[in-house]
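Listed below, chain by chain, are the residues.
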Amino acid sequence: MWKDWREFSILIYYYSKTGNVKSFVGKLSGSHEIYSIQDDPPPISPFVLITHTTGIGAVPGAVQKFLAKYGHLLKAVAVSGNRIWGRNYGKAGDIISEQFSVPLIHKFELRGMPSDVKKFESEVSKFE
């Protein structure tokens, strides 16, 4: 259920195609207001984006469209990837970080481990 954005310092928006990123955000503490870029209201305040890399190091099309409209509110990005892609592991995060001049706060493999959740939450707390 959508809440008044003033109740939270920073929002988290995510995009998940295969379920890996959705699984990751499901592990986050209840102190975060989390929205899907596909199903929920658009951001009206600063947010952190969590996405995945598609193809061989590309930003998903849905994320590109979302950021074309709301990228001015983006404060940081985190990305899921698969290490089998070598230099292209989590490449979408690198691209978004550079394009919008925001920090890439974390790369995690697939659905992430508890240590990835802890690292992400620690980095997000710096924006709150």
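Before reading further, recall that the structure is shown in the block above.
If you're wondering where the values come from, they're calculated on a predicted model, not measured in any experiment.

Undergrad: For this particular structure, what's the right way to read the environment of Pro 42?
TA: Considering the arrangement of structural elements, one finds Pro 42 in the loop between strand S2 (34–36) and strand S3 (47–52). Placed 41 residues apart in sequence, Pro 42 and Arg 83 show a C-alpha to C-alpha distance of 31 Å. Residues within four places of Pro 42 in sequence aside, it is in contact with Tyr 13 and Tyr 70.

Undergrad: Sorry, what's going on with the pattern of salt bridges here?
TA: In a structure, side chains of opposite charge can pair up when their charged atoms sit close to one another. Tallied over the entire structure, the rule returns 4 salt bridges. For Glu 123, the salt bridge is made with Lys 119, and the minimal N-O distance between the two is 3.2 Å. Residue Glu 123 and its partner Lys 119 are both found in helix H4 (residues 114–125); the two are separated by 4 residues, about one turn of the helix. One salt-bridge network, in which partners are shared between bridges, spans Lys 119, Glu 123 and Lys 126.

Undergrad: Help me understand the sheet that holds strand S5 (residues 104–109), please; the structure alone is not making it clear to me.
TA: Within a sheet, each strand pairs with its neighbour through backbone hydrogen bonds, oriented either parallel or antiparallel. Pairing in this open sheet of 5 strands is parallel, and the strands run S2-S1-S3-S4-S5 from one edge to the other. The strands lining the two open edges of the sheet, one partner per strand, are S2 and S5. If you compare each strand with its neighbour and ignore which way they point, the axes differ by 20° on average. Where S3 and strand S4 (residues 74–81) come together, 6 bridges link them in parallel fashion. By the bridge assignment, Thr 51 is partnered in S4 with Val 79. Across the sheet, helix H3 (residues 91–100) is in contact with S3, S4 and S5; its angle to S4 comes to roughly 165°.

Scoring rules and cut-offs
- Residues numbered from 1 in each chain as written.
- Predicted model: local features only at pLDDT ≥ 70, side-chain atom pairs only at ≥ 80, totals over all residues.
- Heavy atoms only, no water.
- Helix = DSSP H or I, 4+ residues; strand = E, 2+ residues; numbered from the N terminus.
- Contact = heavy atoms within 4.5 Å.
- Salt bridge = Lys/Arg side-chain N within 4 Å of Asp/Glu carboxyl O.
- Pairing = 2+ DSSP bridges.
- Axes fitted to C-alpha atoms, helices over the stretch in contact; angles between N-to-C directions.

Keep in mind that these numbers describe shape and distance, not what the molecule does.
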